[in-house]
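Survey of secondary and tertiary structure
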Protein chains: 2
Amino acid sequence: MTDPKLDEVLNRLDADLPNAIDRLMAFVRIPSISTDPAHDGDVFDAATWLTDQLREVGFAAEIRETEGHPMVVAHSPEDAEKTLLFYGHYDVQPVDPLNLWDNPPFEPRIEDTPDGPIIRGRGTSDDKGQLMTFVEACRAWKAVHGELPRGLTLLFEGEEESGSPSLVPFLEANRDELSQSLALICDTGRAADGRPAIATQLRGLLGEEIVVRGADRDLHSGSFGGLAANPIQILCNALSTLKDENGRITLPDFYDGVEDLSDDLRRDWEALKFDASEFLSRVGLKQPIGEKGRTGLEMVWNQPTAEINGISGGYTGDGFKTVLPAEARAKVSFRLTGTQDPVKIRAAFRDHVARFVPTDCTVEFHEHGGSPAAVMDTSDPAFAAAKQALGEEWDREAVFIGMGGSIPIAGDFKRILGMDTILVGFAKDDDRIHSPNEKYDVESFAKGARSWARILAKLR
Amino acid sequence: MTDPKLDEVLNRLDADLPNAIDRLMAFVRIPSISTDPAHDGDVFDAATWLTDQLREVGFAAEIRETEGHPMVVAHSPEDAEKTLLFYGHYDVQPVDPLNLWDNPPFEPRIEDTPDGPIIRGRGTSDDKGQLMTFVEACRAWKAVHGELPRGLTLLFEGEEESGSPSLVPFLEANRDELSQSLALICDTGRAADGRPAIATQLRGLLGEEIVVRGADRDLHSGSFGGLAANPIQILCNALSTLKDENGRITLPDFYDGVEDLSDDLRRDWEALKFDASEFLSRVGLKQPIGEKGRTGLEMVWNQPTAEINGISGGYTGDGFKTVLPAEARAKVSFRLTGTQDPVKIRAAFRDHVARFVPTDCTVEFHEHGGSPAAVMDTSDPAFAAAKQALGEEWDREAVFIGMGGSIPIAGDFKRILGMDTILVGFAKDDDRIHSPNEKYDVESFAKGARSWARILAKLR
């Protein structure tokens, strides 16, 4: 059944768009980088700003403390039965290297492009712009209906970009309040050709930091070169052997739980006509480097990875220093698929690295989050309803897609709160999330809010 | 023939030691880090300070401009024939990591230790303290004789720690002025057991910086992981294959020109009873990592090396960032022995690295100096005379040793100016040159100056 007032809500959203953009820009101006302790105050300010917005829209909203950055939780007036939980995150990625930004990352601006106007700034897409599509849909709904959709719970996190250490404890401590019949998450993208999409499988993520230590001080390579162990060399040796010549990861039992695509999904994905070389050409590359024999979408959605995200050691300033450094560091992450077990893979990785460390050197590991892949059960009729609503808004059939990125909370919702999640997002592949010059199309923002109004009309 | 006034000169040096230490401390206070452009002014100040000292001692001294940091050149009154050229360097290594210093590196102080008093600070040993032993010997000589030893030329460089880019052009441009019968360099150490030593072979040094570039921006490992090339991985793959499982370097023809030890030198080196494990234990290590089957002294004096001196790429701050970086960098150096050719080895290294770089990525190389090993002809009777003078000062027989470090100028003196070089230095293995907490023993400084007075008495 379609809400008879839906058109009014959509018109209201269109009329209010300039104000909605102003609100988003104010939100983006708060540099809420959760991984950098220097920005702790900014992260809190973003939570406060969001809470104020939600109250203005009519929610009962509050900041809820955690061991780390706070949660923002909001409720619309109660309904007879459990209904929907919406999730987003108000923290953003770091911005370095800063010199590659065309405008300061926290001074957002609107730019006209051949593809239409965009909003440029850190978090415009991931995830401030995306979560605000839902908030704006609620705002218009309230304006038209005089009240919010009943039974909505909203949960906003401030640690998504730094491994969500407080999320699971928070879900466990607030199970009754947060358990609903279905979750909605707006942190994903449209299909590569721009059509609306629901992500039904997301890769998991496991992060590890390694510190290899050798001598108790930096050494002169003239006096000690040829005798003393070099921690950078040890690190390179350990990391270069993570993959074989076919791009396959060499850790024992690593592929346990990785499933080949179902025939249905393979057909859907092939219909997307993804061209890996064309996709890579947008960032100046050409050759897919994944396991030989896999399609591009398999590599990025259905295959696990091992990636070195950062490395440092020795002298890295201008000029040259013939030093044998006392230590070297690397940050390594694995994207996981199917039912791969992050606990077992972490252990296998540590064993692998330790085998390269001589007995007179040491290695130390730091854990940076670990969550399995999330694979949705799409037989719930809400998936079909949401797919239909999206099709109506965008005038194109919506598709089920995979996601290379990790939204571990979808798995947590299932495991802890017993809910499936519909992952709907409006980002585009060229949004440069996590990179300099992040942007969000005004179209994504405007039609995203309209999409949520349509989905709410079907699901409430 | 021994100078009858030698004892007077030695007594004068002993009496003036406190003043000599004060002068050295003033020199060390100037932070003349040549590799860091932020210290260009300090490097110039150090040249000025040294020039003033030399004039005070009675030399005709001046600062001579180059394309980089200046040279300081000084002459004593002319002699009938060409005589001696003394060389040292007034620049110092960078000081990071600063937090590992017990006192600020450019605020030198005297400390009492179980091995006697030491002077602590950057450059106290390498090379300000060492070069000042010669200047102080000249100062005492002048005080006693009323004039300096005739026919001395002194040359001090300010770019030794950053690859000496201006040295060869300067030698070539001033060939007549600088060509003497013999060169003296004070930038080496005593034998491990403390006895005086003359270094008769030094390893060469070849420095390379590599920049591997992939995508034209940093990428999100969720969106691109499994598809896009990772420059850190490429770098690790290239660098981990520089050595085989026996510690032997894999570049083609790399060992061309590496000579096994002569029987005489092998006997001399064995007499030093060098214990590699004990040597390494002083810096917290134990296992020599050089080519299997080589003695410790061979590894560090007579075998070439390949070392990664620095590496950087991706996110290296606090926390975690799931980035695929646009670029990664490494600094790599090779210590060379025998007649290994730096030009051929540079080309072989670049070929090796380039083989790991996919066609859609790029690699860029930056040259940081390259000089072959220096092997002296010890049949010149001046070597025997210097050895005898050292034995008289230290009451122990002096020895011919090798050096793991590089003093490319010894090779340049031979090639450009036609001179052999006697390398005499008084540093100890535990001086921590190039590391935090560099020091120079007061004994090294005091008896070093006395040693030069004795050598000058024999050679003038």
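Residues numbered from 1 in each chain as written. Chains lettered and ligands numbered in written order. Predicted model: local features only at pLDDT ≥ 70, side-chain atom pairs only at ≥ 80, totals over all residues.

Some remarks on the overall build of chain A
Helix and strand content of chain A: 14 helices and 18 strands. Taken against the 2.2 N^0.38 rule, which gives 23 Å for 460 residues, the C-alpha radius of gyration of chain A at 23 Å falls within 12% of a compact globule. Each principal axis of the C-alpha distribution contributes one length, and for chain A these read about 80 × 50 × 50 Å. Each of the 460 residues in chain A was classed as buried or not, and the buried ones make up 55%. Long-range pairs, those at least 24 residues apart, make up 79% of the contacts in chain A between residues at least 6 apart in sequence. (Helix = DSSP H or I, 4+ residues; strand = E, 2+ residues; numbered from the N terminus. Rg over C-alpha atoms; globule rule 2.2 N^0.38 Å. Buried ≥ 20, exposed ≤ 12 C-beta atoms within 10 Å, placed from the backbone. Contact = placed C-beta atoms within 7 Å.)

Quick notes on the packing of helix H1 (residues 6-28) of chain A against helix H3 (residues 128-145) of chain A
Residue and element names in this part refer to chain A. The interhelical angle for the contact between H1 and H3, taken along N-to-C directions, is 135°, at an axis separation of 9 Å. It follows that H1 is oblique to H3 by the angle criterion. When the axes of H1 and H3 are compared, the crossing they make is right-handed. For the pair H1 and H3, the contacting residues are Glu8, Val9, Arg12, Leu13, Asp16, Ala20, Arg23, Leu24, Phe27 and Val28 in the first and Lys128, Gly129, Met132, Glu136, Ala137, Ala140, Trp141, Ala143 and Val144 in the second. (Axes fitted to C-alpha atoms, helices over the stretch in contact; angles between N-to-C directions. Parallel < 35°, antiparallel > 145°, perpendicular 65-115°, else oblique. Left-handed = near helix turned anticlockwise from the far one by under 90°.)

A short note on H3 of chain A
Helical geometry: 3.6 residues make up each α-helical turn, so side chains three or four residues apart lie on a common side. All names here are of chain A. Under the 1.5 Å per step criterion, the end-to-end length of H3 is 25 Å for 18 residues, consistent within 8% with the ideal 26 Å. Taking burial as the measure, the 18 residues of H3 include 14 buried ones, the bulk of the element. Positive backbone phi, at 80°, marks Gly146, one or two positions downstream of H3. (Expected span 1.5 Å × (residues − 1).)

Quick word on the relation of the copies chain B and chain A
Overlaying chain B on chain A yields an RMSD of 0.1 Å, the required transformation being a rotation through 180° with an accompanying axial translation of 0.0 Å. Here the copies are linked by what is in effect a two-fold axis. The fraction of interface residues of chain B whose copies in chain A are also interface residues reaches 100%, indicating that both copies meet through the same surface. (Least-squares fit on C-alpha atoms with pLDDT ≥ 70 in both.)

Here we look at the domain arrangement of chain A
All names here are of chain A. Each assigned domain of chain A is listed here: domain 1 (6-202 + 374-459) and domain 2 (204-258 + 304-371). Each side of the interface is counted separately: domain 1 has six residues, and domain 2 has seven residues. For the side of domain 1 that touches domain 2, a count of residues per class yields one nonpolar, five polar and no charged. (Domains from an automatic or database assignment. Nonpolar A, V, L, I, M, F, W, Y, C, P; charged D, E, K, R; others polar.)

Here's the deal with the nonpolar core
Ranked by internal contacts, the top residues of the largest apolar core, which has 261 residues, are Ala228, Leu235 and Ala453 of chain A together with Ala228 and Ala453 of chain B. Ignoring any residue separated from it by four or fewer positions in sequence, one finds Leu235 of chain A in contact with Ile210, Val212, Ile311, Gly313, Ala328 and Ala330 of chain A. (Core = buried A, V, L, I, M, F, W, Y, C linked by C-beta atoms within 7 Å.)

A word on the pairing of strand S5 (residues 116-120) of chain A
Residues and elements named next belong to chain A. Pairing geometry for strand S4 (residues 109-113) and S5, over five bridges, is antiparallel. In the sheet register, Asp112 faces S5, and the bridge partner there is Pro117. Joining the antiparallel neighbours S4 and S5 is a turn of two residues. The pairing of S5 with strand S18 (residues 439-441) spans three bridges and is classified as antiparallel. Opposite Ile118, over in S18, you have Asp441 as the bridge partner. (Pairing = 2+ DSSP bridges.)

A look at the sheet that holds strand S4 (residues 109-113) of chain B
Pairing between sheet strands relies on hydrogen bonds along the backbone, with the strands arranged either parallel or antiparallel. All names here are of chain B. The antiparallel open sheet is built from three strands, whose spatial order is S4-S5-S18. If you trace the sheet from one side to the other, it starts and ends with S4 and strand S18 (439-441), each paired once. Going from strand to strand, the sheet's axes swing by 30° on average, the running direction of each strand aside.

Thoughts on unusual backbone geometry
For the peptide bond that leads from Asp96 of chain A to Pro97 of chain A, omega is 0°, which places it in the cis range. Mapped onto the secondary structure, Pro97 of chain A falls in the loop between strand S3 (84-89) and S4. Across the junction of Asp126 of chain A and Asp127 of chain A, the peptide omega takes the value 5°, indicating a cis bond. Tracing the chain through its elements places Asp127 of chain A in the loop between S5 and H3. Unlike most non-glycine residues, Asp395 of chain B shows phi in positive territory, near 55°. Note that Asp395 of chain B resides in the loop between helix H13 (381-394) and strand S16 (399-403). Phi is positive for Arg432 of chain B, close to 55°, though the residue is something other than glycine. For Arg432 of chain B, the location among the structural elements is in the loop between strand S17 (421-424) and S18. A residue is classified by how many C-beta atoms lie within 10 Å of it, and Arg432 of chain B, with 23 of them, is buried.

Observations concerning the interface of chain B and chain A
Every contact between the two is made by 83 residues of chain B and, on the other side, 83 residues of chain A. No other element matches the nine residues that strand S11 (residues 305-314) of chain B contributes to the side of chain B that touches chain A. Taken together, the residues that form the side of chain B that touches chain A break down as 30 nonpolar, 39 polar and 14 charged. Of the pairings in the sheet, the one linking strand S11 (residues 305-314) of chain A to S11 of chain B comprises five bridges and is antiparallel in character.

Observations regarding the environment of Pro104 of chain B
Residue and element names in this part refer to chain B. Secondary-structure assignment places Pro104 in the loop between strand S3 (84-89) and S4. Classification of Pro104 by C-beta neighbours within 10 Å gives partly exposed; the count is 14. Pro104 sits 248 residues away from His352 along the chain, and the two C-alpha atoms are 42 Å apart.

Considerations on the confidence of the model for chain A
Per-residue confidence for chain A averages 94 on the pLDDT scale, and 100% of its residues sit at or above 70. The ipTM, which scores confidence in the relative placement of chains, is 0.76 for this predicted complex, and the corresponding pTM is 0.76. (pLDDT = per-residue confidence, 0-100.)

Describing helix H12 (residues 381-394) of chain A
Residues and elements named next belong to chain A. In a regular helix each residue adds 1.5 Å, so 14 residues correspond to 20 Å; H12 covers 20 Å between its end C-alpha atoms and thus fits that length. Where H12 is concerned, the buried positions are Ala386, Lys387, Ala389, Leu390 and Trp394. In an axial view of H12, the angular spread of the buried residues amounts to 160°, which keeps them on one side of the axis. Contact partners of the buried residues in H12: strand S8 (197-202), strand S17 (421-424) and helix H14 (442-459). In the stretch just after H12, Asp395 is the one whose phi turns positive, near 55°. (Arc of directions from axis to C-beta.)

What to know about the sheet that holds S4 of chain A
Residues and elements named next belong to chain A. Sheet architecture is open: three strands sit in the order S4-S5-S18, paired in antiparallel fashion. Sheet topology places S4 and S18 at the edges, where each strand pairs with a single neighbour. Here the average twist between neighbouring strands, direction ignored, is 30°.

Focus: the packing of helix H2 (residues 40-57) of chain A against H3 of chain A
Residue and element names in this part refer to chain A. Contact geometry of H2 with H3 gives a least axis separation of 9 Å together with a crossing angle of 25°. Judged on the interaxial angle alone, H3 and H2 are roughly parallel. On H3, the residues touching Gln53, Leu54 and Val57 of H2 are Val135, Cys138, Arg139 and Lys142. The residue inventory of the contact of H2 with H3, partitioned by class, reads four nonpolar, one polar and two charged.

Observations concerning the environment of Pro196 of chain B
All names here are of chain B. As for its placement among the helices and strands, Pro196 is situated in the loop between strand S7 (182-185) and strand S8 (197-202). A residue is classified by how many C-beta atoms lie within 10 Å of it, and Pro196, with 27 of them, is buried. As for Pro196 and Ser371, which are separated by 175 residues in sequence, their C-alpha atoms are 27 Å apart. Discounting chain neighbours no more than four positions away, the residues touching Pro196 are Arg190, Leu390, Trp394, Arg396, Ala398 and Ser451.

Regarding the environment of Arg203 of chain A
Mapping Arg203 of chain A onto the fold places it in the loop between S8 and strand S9 (204-213). Counting along the chain gives 116 residues from Arg203 of chain A to Gly319 of chain A, while the straight-line C-alpha distance between them is 41 Å. Ignoring any residue separated from it by four or fewer positions in sequence, one finds Arg203 of chain A in contact with Arg335, Leu336, Thr337, Ala373, Met403, Gly404, Gly405 and Ser406 of chain A together with Gly222 of chain B.

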